[in-house]
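Results of the structural survey
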Amino acid sequence: MEYLHQREQLDPGGLNDWDIMKKSPEAKNIAVRRLSNAVSGKNVTIALHAARAAVSIGLLMPGHSRWRGAGSLFLGGTTCLLQARHRYGTDGSDQVATLVQGATGLARLSRSPQTQDALLWYVAMQANLSYAASGWVKLMGERWRDASALPGVMRTRTYGSEGVYRLTQRYPQTSKYVQHGVLAMECLFPLVYVAGGRLTRPFLAAAGSFHVANGFIMGLGRFMTAFPSLHPMVAYTTAPATHPAVAGRDDRAVRAAAVLLAAGVAAAAAVAVQRRGVVLEGWPASRKVVTRHGNELMYETGGREESDAPVLVFCAGLTSTSEHFSWITERFAHDSEHAVVSYARAGYAGSVRRSTAPYGLEESVDDLEDLVRAVVPRHRKVVLVGHSLGGELIRRAAARLGDRVAGLVYLDPAHPAELQRSQRQDAGAKDLRETIAHASLYLRLGTGILMSRPDWLDKLPKAYRDKVFAQYTDARLWTAGKREWEAVEREFRAFEGDIDPIAAPGLIIAAQQTVDQDPEQLLLYNELSRAHRNHGERGGIKVVEGSDHDSLLTDAMHAHKAAELMARFLGTALTEAEGTAAERAEDRAEEKKAQREGAGQ
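Below or above, wherever it landed, is the structure these notes cover. Every chain begins its residue count from 1, and numbering advances along the sequence as written. Two thresholds apply to this predicted model, a pLDDT of at least 70 for residue-level local features and 80 or more for giving and counting side-chain atom pairs, whereas whole-chain, interface and lining totals are computed over all residues. The basis for every side-chain value is the complete set of non-hydrogen atoms in the structure, without hydrogens or water.

**As for empty space enclosed by the protein**
To find leftover empty space, one rolls a probe the size of a water molecule over the atoms. A cavity, in this analysis, means grid points on a 1 Å lattice covering only the protein atoms where a 1.4 Å probe fits yet has no way out; a pocket is instead an open set bounded by protein on both sides within 12 Å along at least five of seven lines, and a residue lines either one if it has an atom within 4 Å of a point. Grid points are joined across faces, edges and corners, and a volume is the space filled by probe spheres set on the points. Evaluated as defined, the whole model comprises three cavities of 30 Å³ or more. Quantified by volume, the largest cavity comes out at close to 60 Å³. Forming the boundary of the largest cavity are 13 residues, of which W283, M298, E300, E323 and A349 lie nearest the centre. By residue class, the composition of the lining of the largest cavity is six nonpolar, four polar and three charged. If you add up the space inside the second largest cavity, you get close to 50 Å³. Broken down by class, the residue content of the lining of the second largest cavity amounts to five nonpolar, four polar and one charged. Three residue categories are used. Nonpolar comprises Ala, Val, Leu, Ile, Met, Phe, Trp, Tyr, Cys and Pro, charged comprises Asp, Glu, Lys and Arg, and polar comprises the others, including Gly.

**Regarding the layout of surface pockets**
Approximately 1300 Å³ is the volume found for the largest pocket. In this structure, the largest pocket is lined by 37 residues; those nearest its centre are S56, L59, L75, A97 and Q101. Per the convention used, a helix needs a DSSP run of H or I reaching at least four residues, while a strand needs a run of E reaching at least two, with both numbered from the N terminus. Mapped by element, the contributors of at least two residues to the lining of the largest pocket are α1 (2-5), α4 (42-60), α5 (67-81), α6 (92-109), α7 (113-140), α13 (223-226) and α14 (231-238). When residues in the lining of the largest pocket are grouped by element, the largest group, nine residues, is from α6. Here the lining of the largest pocket is built from residues that sort into 15 nonpolar, 16 polar and six charged.

**Regarding the environment of D94**
The residue D94 is located in helix α6 in this model. Only protein chains enter the accessibility calculation, which uses a 1.4 Å probe; a residue is then buried when its area is under 20% of its type maximum, exposed when over 50%, and partly exposed in between. When its relative accessible area of 12% is taken as the criterion, D94 is described as buried. Sequence spacing of D94 and C80 is 14 residues, and the spatial spacing of their C-alpha atoms is 9.2 Å. A distance of 3.3 Å separates a polar atom in the side chain of D94 from a polar atom in the side chain of R222. Polar contacts, as counted here, are pairs of nitrogen or oxygen atoms within 3.5 Å of one another; within protein the pair requires one atom able to donate a hydrogen and one able to accept it, and residues that are adjacent in sequence qualify only if both atoms are side-chain atoms.

**Some thoughts on the nonpolar core**
In this description, a nonpolar core means a group of buried Ala, Val, Leu, Ile, Met, Phe, Trp, Tyr and Cys residues linked to one another through side-chain atoms lying within 4.5 Å. One finds V313, L371, L384 and L408 to be the most contacted residues of the largest nonpolar core, which totals 64 residues. For this core, the leading source of residues is helix α22 (residues 475-493), giving eight residues. Here, residues are in contact when the closest pair of their heavy atoms is within 4.5 Å. Excluding residues within four positions of it along the chain, L408 makes contact with L384, I394, R395, A398, I502, A504, P505, G506, L507, H532 and F569.

**Concerning the sheet that holds strand β7 (residues 506-511)**
In spatial order, the strands read β1-β2-β4-β3-β5-β6-β7-β8; together these eight strands make up an open sheet with mixed pairing. Whereas interior strands pair on both sides, the edge strands pair on one side only; in this sheet they are β1 (287-290) and β8 (540-544). Adjacent strand axes in the sheet meet at a mean angle of 25°, parallel and antiparallel pairs treated alike. In short, DSSP must find at least two bridges between two strands for them to pair. Sheet analysis places β7 next to β8, joined by five bridges and oriented parallel. Each bridged residue has a counterpart across the sheet, and for I509 the counterpart in β8 is K542. Each axis is a line fitted through C-alpha atoms, and for a helix only the stretch in contact is used; angles between axes span 0 to 180 degrees, taken between their N-to-C directions.

**Re the pattern of salt bridges**
Any Lys or Arg side-chain nitrogen found within 4 Å of a carboxyl oxygen on Asp or Glu counts as a salt bridge. All told, the structure shown has 34 salt bridges when counted by the stated rule. Among the salt bridges present, the one from E520 reaches R421, with a minimum N-O distance of 2.9 Å. Separated by 99 residues along the polypeptide, E520 in helix α24 (residues 519-530) and R421 in helix α19 (residues 418-421) bring together distant segments of the chain. Under the relative-accessibility criterion, R421 is labelled partly exposed at 33%. Here R493 makes a salt bridge to E489, at a shortest N to O gap of 3.5 Å. You can see R493 and its partner E489 sitting in helix α22, four residues apart, about one turn around the helix. Judged by its relative accessible area of 37%, R493 falls in the partly exposed class. Residue classification places E489 among the buried positions, given a relative accessible area of 11%.

**Description of helix α21 (residues 462-472)**
For α21, the set of buried residues is Y464, K467, V468, F469, A470, Q471 and Y472. Considering only its buried residues, α21 is in contact with α15 (252-281), α16 (326-335), α20 (423-444) and α22.

**Side note on the packing of aromatic side chains**
Paired rings are identified among Phe, Tyr and Trp, the last through its six-membered ring, by centres lying within 6.5 Å, and are further divided according to the angle between planes into stacked (under 30 degrees), edge-to-face (over 60) and tilted (the rest). All chains considered together, the criterion is met by nine aromatic pairs. Measuring from centroid to centroid gives 5.4 Å for F223 and F227, while their planes differ by 15°, and the two rings are stacked. Residue class for F223 comes out buried when judged on its relative accessible area of 16%. A relative accessible area of 10% places F227 in the buried class. When the ring of Y472 is compared with that of W478, the centres are 5.8 Å apart and the planes differ by 80°; the resulting orientation is edge-to-face. A connected cluster of aromatic rings, assembled from ring pairs, spans Y131, F189, F203, F223 and F227. Positioned above the aromatic ring of Y359, the side-chain terminus of R483 is 5.6 Å from the ring centre. Only when the NZ of Lys or the CZ of Arg is both within 6 Å of the ring centre and within 35 degrees of the ring normal is a charge said to sit over the ring.

**A short note on the packing of α5 against α6**
Where α5 contacts α6, the two axes come as close as 7 Å, and the packing angle between them is 150°. When the axis of α5 is compared with that of α6, the two are roughly antiparallel. Relative to α6, α5 is oriented so that their crossing is left-handed. Contacts from R68, G69, A70, S72, L73, L75, G76, T79 and C80 in α5 reach D94, T98, Q101, G102, T104, G105, L106, R108 and L109 in α6. Across the contact of α5 with α6, the residue classes break down as six nonpolar, nine polar and three charged. Roughly parallel means an angle under 35 degrees; roughly antiparallel means over 145; roughly perpendicular covers 65 to 115; every other angle is labelled oblique. Here a crossing is called left-handed whenever its near helix is offset anticlockwise from the far helix by less than a right angle, and right-handed whenever the offset is clockwise.

**Overview of the pairing of strand β3 (residues 311-315)**
Of all the five residues making up β3, five are buried; the element is thus mostly covered by neighbouring parts of the structure. On β3, burial covers both faces: V311, V313 and C315 on one face and L312 and F314 on the other are all buried. Of the strand pairs in this sheet, β3 and strand β4 (residues 339-343) are connected by three bridges, and their pairing is parallel. From the neighbouring strand, F314 faces β4, where its bridge partner is S342. By the criterion used throughout, a crossover qualifies as right-handed when its path from the first strand across the helix to the second strand runs clockwise, the strands pointing away from the viewer. Since β3 and β4 lie parallel, the crossover through α16 that links them has a hand, and here it is right-handed.

What follows is the structure, encoded as structure tokens:
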């Protein structure tokens, strides 16, 4: 009825305009797109909703006909059919309703009591999983633990309520009890199966009250009917087997679920072990070097080894891989005089952190310095290339390596003052910390098999995709990222003063979305650029149009543009810098000669 009332949203320019909705993730699948196209016409969509309303009214009538099962399946099926058509206006309540309608529809059509019981157990187990998972995920979040989640939600325009927000501020202790009560109800929901089912009514009453409150306060009206539709199955399956209402209930679905769960855990463990092997193995040409901290760094080289052109050394960003540079490294390795070196920091890929000292960013800077001195021939200079956090690491390493550095290339780099001066960076820091911590924890629990393949990954060169995905589903990458981010927050928030001058020329390649969305970031880049005393005609700051922080590397078009800017910088700025250095050397020689002649006179 809601969709019929808002049918103007189906028109061009509406929230559910099919010309826009067909670009949604659900519609990328060709089969889904064809089905959705068949119902995308406004008249067909309206007719389907009218039929759904009629069937729903029929299901509200008394009776136990098997046609009720067909009606439930019709509602569940058409919800799925219209999902891509109505990307906006759907939510978790629709998923729950579809699950209940599908299972109960099949149960009504089945003549087997055993099949009916299996389907009812299925819904009950889904209910327990839904509440428990929701509660434990909330518990991982700091906002729910410190009781700031409810006031935060109540302040939003979408789900908030000014009156309730004011109550949370007037009675903070009560607000805290309410939030922790919700956490307890959700996390402990599976306790309905202990004590002979005596806890079922209190838990269902608490859950039902929670959904009713959400319906009136947050406007989640469909949650108020969808989630309680799970509760009769919970009541049915928690009743003692001796209760007359459940006499003869078939409980084999629980044992079957336990077997399937054990098989799933075993499969997840096998996949995790296999992926860990892929991660640690590296590439056929991978080699290792041991740093002063005892850390083992895995690295790869490519390009012209016999050339005297500077060697490009690539340093990746936080929770990133050396393979992120693949579009750029392949271009320089195959189409230039430069050799390339890419490596994984300690804890990433096949690199191992052996140090037992507390971690600080200087450890990674030491490792980078040791890598350059061990891998790059002494007669060849280096150009350090860093993305994101890697940009800050190469800046620090340049001071250590001195005249061995021919130049620095920063790809959308971090700045040591960004958490203090950029509101956007400061606001995102807490969310990033929680995301990395959660990913590290969940993957250590073996959930990597459930991790979806990110869209950006399939934009990398094909040969690198599987290995990068293996790294992203392995807990080691996120554990290393967690360690690094803690150091970043600690050191960046304590940063004072200005960036030290850097003698080598520098080029900053910024992503357009970074500087457009955060003007302060551009000011920080300007400061970093000015720290380079001589960046030549091609140095300074260049912006790659249309790129964001990640696509600057992962999207072929943006990465090739960045590589082109780098090539110009290497061909012009470094030559100018070498010429200026030679001129300075000649000037010093002339001064010394004049001094000697003056002393002789």
